[in-house]
Amino acid sequence: MAPDTSDAAQPAFLATYLAGLPRPEHGHPGPARSVREADVDGHRIVIATSYEITVDGRPLDVHIGLSNDGSAHCHGLPAYQLPSLVDLVRVLVHTFPDEFPPPTTGHDDEAGPDTDHDTHDHAHHDHTAHDHTAHDHSEPDGGR
Amino acid sequence: MAVVRRDILRDDAARAAYIHGVRLLKHEPSSLTTGSFGIPGPSRPVYTYDLFVIWHVLAMNTAVPPGGDAGVRNAAHRGPVFLPWHRVLLRWLEAHLQRVLDDPAFGLPYWNWAADGSPAGPGGVANPAASPLWRNTPDGFGGQGAPVRGGAFAFRAADPTSFRVRIAANSSGALRQVTERGLVRRFGQSAPFGSPRLPRTADVASCFDPKADPSVTDYDRDPFDVSSHGLRNRLEGFVGPGLHNQVHLWVGGDMAPASSPNDPVFFVHHCNVDRIWEGWMRRNGRRYAPDMTAPDSLLGHRIDDPLVSPFAPADKPDTPRGVLDSTAVNSYDVLP
């Protein structure tokens, strides 16, 4: 029997609606670009900034945004708004470890947000050392 | 008759029903497969619970106005529709839970995280990880882990009925399939990776105290983004003590990415956010901003603009105005 897409109480209704939504584009080839705009005394300020971010030498294909206070954000981490772009990239690497395999050893397991790769729970990690390096070639706002 | 939403730690029946309902939705085929949503990889069934993960990811990737920057404002976050859109999301989940539980009186419970984030007494130290919410028993959510191995949402590789994450967002915020894995939580990570503490009762009270911040008598203010003053941005957490954002950061793991509804704690967290909003409206009236005189650059966030919601008939779509008063559908046992 075909699923009922007209009855809002049925899952097919919500599923069909979501399947019809526009598909967002996620490819951001090339340097990340941020445009900030503001007005003052009748003048229009536009600050366009480009970032070339690499992790282990590979370009980071993530849409980075900067707010007018200089803080950084990205789609992948909606609850984060960090004063340091370097810290934002550190959080990305930590949250999506399967997208940033260790530079010296390959692995092909499919991990989730900072999923442990062994069978033990670790309540705390040492966040002071990372194998990954984020290169921010164009830091605005006094290097933040 | 309006259902009553209750404190998940004070109502064992509501907590048990929520857990049971989530597990049912997690195994109910939605009728569509991953390919229907443009999710790369082999075609796999999409289950009803996971539709809410997809909806959240798509909404927060939807720039409003169209052609704008979803990183500035989007259809779910970083602007005035944050509270109305999530109210709609909760209403839909609640309706599906009522259906699978065959209980039209079921009300989505809320997690009063500020109670867990506050010391029990003067001079005390809060220990939110010890909250009964995280019990490793069938009536608890399980604690932290990678994967979570206790409670109702524990992962057991050999048990296909155990809780699994199937669809997630990547670092770009795009939907992806994951080889079925368990839920991940990492409580209280230090900055910048997380937050070492949950919001406290006094932090919630700041939403209602114009002496501390005169702007909180307004719902939102120009420029209506993450720099705004007013209730919405304080509660969303980009200004002030952090509140909504801080809870995502404290739980960590699957609560961090755009696919945060993967963790069932997402909905009881947002139910509490909605409760705080309702408490604000009790004090300040069912007011919203911006109105329809706002420029097109705020299209999608104005009071009569359609939300990204399935209730979208041309004559009466879901709008912020339309959801300001939901007391005919649901209410809370206690408002802050």
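Residues numbered from 1 in each chain as written. Chains lettered and ligands numbered in written order. Predicted model: local features only at pLDDT ≥ 70, side-chain atom pairs only at ≥ 80, totals over all residues. Heavy atoms only, no water.

Caption draft 1: The arrangement of the overall build of chain B in detail. Helix and strand content of chain B: 9 helices and 6 strands. Long-range pairs, those at least 24 residues apart, make up 63% of the contacts in chain B between residues at least 6 apart in sequence. Accessible surface for chain B amounts to roughly 11,600 Å². Of this, 56% is attributable to carbon and sulfur atoms. (Helix = DSSP H or I, 4+ residues; strand = E, 2+ residues; numbered from the N terminus. Contact = heavy atoms within 4.5 Å. Areas by Shrake-Rupley, 256 points an atom, 1.4 Å probe, with all protein chains shown as cover.)

Caption draft 2: Summary view of the packing of aromatic side chains. Enumeration according to the criterion identifies 19 aromatic pairs over all chains in this entry. On the numbers, 6.2 Å between centres and 85° between planes, the contact of Trp 55 of chain B with Trp 92 of chain B is edge-to-face. Here the residue Trp 55 of chain B occupies a position in helix α2 (residues 48–60), and Trp 92 of chain B occupies one in helix α3 (residues 82–101), the gap between them amounting to 37 residues. Classification of Trp 92 of chain B as buried rests on a relative accessible area of 3%. For the pair Tyr 219 of chain B and Trp 280 of chain B, a centre-to-centre distance of 6.2 Å together with 65° between the ring planes defines the contact as edge-to-face. Remark: Trp 280 of chain B occurs in helix α8 (residues 265–284) and Tyr 219 of chain B occurs in the loop between α5 (201–205) and α6 (231–236); sequence separation between them is 61 residues. Note on accessibility: Tyr 219 of chain B and Trp 280 of chain B belong to one class, buried. Three or more aromatic residues link up through ring pairs in this structure, and these residues are Phe 13 of chain A together with Tyr 18, Tyr 49, Phe 52, Trp 55, Trp 85, Trp 92, Phe 141, Phe 153, Phe 163, Phe 266 and Phe 267 of chain B. When the ring centre of Phe 163 of chain B is taken as origin, the NZ or CZ atom of Lys 26 of chain B, which lies over that ring, is 4.7 Å away. Directly above the ring of Phe 208 of chain B sits Arg 283 of chain B, whose terminal nitrogen or CZ lies 3.9 Å from the centroid. (Phe/Tyr/Trp six-rings, centres within 6.5 Å; stacked < 30°, edge-to-face > 60°. Buried < 20%, exposed > 50% of the residue type's maximum accessible area, 1.4 Å probe, protein only. Lys NZ or Arg CZ within 6 Å of the ring centre and 35° of its normal.)

Caption draft 3: Layout of the interface of chain B and chain A. Taken together, the contact pairs 62 residues of chain B with 55 residues of chain A. In total, about 4,800 Å² of surface goes out of reach between chain B and chain A, with carbon and sulfur atoms giving 61% of it. Its largest share of buried area at the contact with chain A, chain B owes to Ser 171, Arg 186 and Phe 193 of chain B, together 16% of the area lost on that side. Viewed at the interface, chain A and chain B are joined by 1 salt bridge. Among the ionic pairs, Asp 98 of chain A bridges to Arg 176 of chain B, the shortest N-O distance being 2.5 Å. Our enumeration of links across chain B and chain A arrives at 12 residue pairs in polar contact (both at pLDDT 80 or more). Of all the secondary-structure elements, those providing two or more residues to the side of chain B that touches chain A are β2 (29–33), α2, α3, β5 (175–181) and α7 (243–251) of chain B. Ranked by residue count, the leading element in the side of chain B that touches chain A is α2 of chain B, at 7 residues. (Buried area = accessible area lost by both parts, 1.4 Å probe. Salt bridge = Lys/Arg side-chain N within 4 Å of Asp/Glu carboxyl O. Polar contact = N/O pair within 3.5 Å; in protein donor to acceptor, adjacent residues only side chain to side chain.)

Caption draft 4: Focus on the packing of α7 of chain B against α8 of chain B. Residues and elements named next belong to chain B. At a closest axis distance of 10 Å, the pairing of α7 and α8 adopts a crossing angle of 155°. Taken together, the axis directions place α7 and α8 in an arrangement best described as roughly antiparallel. Here α7 and α8 pass one another in a crossing that is right-handed. Side by side, α7 and α8 meet where His 244, Val 247, His 248 and Val 251 of the first sit next to Val 265, Phe 266, His 269, His 270 and Val 273 of the second. (Axes fitted to C-alpha atoms, helices over the stretch in contact; angles between N-to-C directions. Parallel < 35°, antiparallel > 145°, perpendicular 65-115°, else oblique. Left-handed = near helix turned anticlockwise from the far one by under 90°.)

Caption draft 5: Seen up close, the environment of Ala 17 of chain B. All names here are of chain B. Position of Ala 17 among the secondary structure elements: in helix α1 (residues 12–26). For Ala 17, a relative accessible area of 19% translates into the label buried. For Ala 17 and Pro 109, which are 92 residues apart along the polypeptide, the C-alpha to C-alpha distance reads 9.4 Å. Once you skip the residues sitting within four places of it in the chain, Ala 17 turns out to touch Leu 101 and Phe 106.

Caption draft 6: Representation of the pattern of salt bridges in the model. Residues and elements named next belong to chain B. Inspection of every chain in the model, using the stated rule, returns 30 salt bridges over all chains. With a shortest N-O distance of 3.7 Å, Arg 135 and Asp 139 are connected by a salt bridge. Look at Arg 135 and you get partly exposed, because its relative accessible area is 33%. Note on Asp 139: relative accessible area 32%, which makes it partly exposed. Here the salt bridges do not stand alone but share partners, grouping Arg 5, Arg 87, Glu 94, Asp 274, Glu 278, Arg 286 and Asp 325 into one network.

Caption draft 7: Structural context of the nonpolar core. Of all hydrophobic cores here, the largest spans 90 residues; its most connected members are Tyr 18, Trp 55, Trp 111, Trp 113 and Phe 141 of chain B. In terms of residue count, the dominant contributor to this core is α3 of chain B (11 residues). Non-local contacts of Trp 111 of chain B, meaning those with residues more than four positions away in its chain, are made with Ile 8, Asp 116, Leu 133, Trp 134, Leu 198, Val 247, Val 251, Val 265, Val 268, His 269 and Asn 272 of chain B. Of all hydrophobic cores here, the second largest spans 25 residues; its members include Ala 72, Cys 74, Leu 82 and Val 91 of chain A. (Core = buried A, V, L, I, M, F, W, Y, C linked by side-chain atoms within 4.5 Å.)

Caption draft 8: Inspection of the side chain of Ser 260 of chain B at higher detail. All names here are of chain B. Secondary-structure assignment places Ser 260 in the loop between α7 and α8. By relative accessible area, Ser 260 is classed as buried at 1%. With sequence-adjacent residues up to four places away left out, Ser 260 is seen in contact with His 56, His 248, Asp 254, Met 255 and Phe 266.

Caption draft 9: How the structure looks around the side chain of Asn 61 of chain B. All names here are of chain B. Of note, Asn 61 is situated in the loop between α2 and α3. Here Asn 61 falls in the buried class, since its relative accessible area comes to 10%. Within the structure, Asn 61 has its side chain in polar contact with the backbone oxygen of Val 57 (distance 2.8 Å). Looking at Asn 61, its side chain comes within polar contact range of the main-chain oxygen of Gly 173, at 2.8 Å.

Caption draft 10: Quick peek at the confidence of the model for chain A. Residue and element names in this part refer to chain A. Put simply, chain A has an average pLDDT of 74, and 65% of its residues get 70 or more. Across chain A, the secondary-structure element scoring lowest on mean pLDDT is strand β1 (residues 32–40), at 85, and the one scoring highest is helix α2 (residues 85–95), at 95. Considering only residues more than four positions removed or in separate chains, one finds that residues 106–110, a stretch of pLDDT under 50, has 11 contacts. Note on residues 116–144: pLDDT under 50 across the span, and 63 contacts to partners over four residues away in sequence or across chains. (pLDDT = per-residue confidence, 0-100.)

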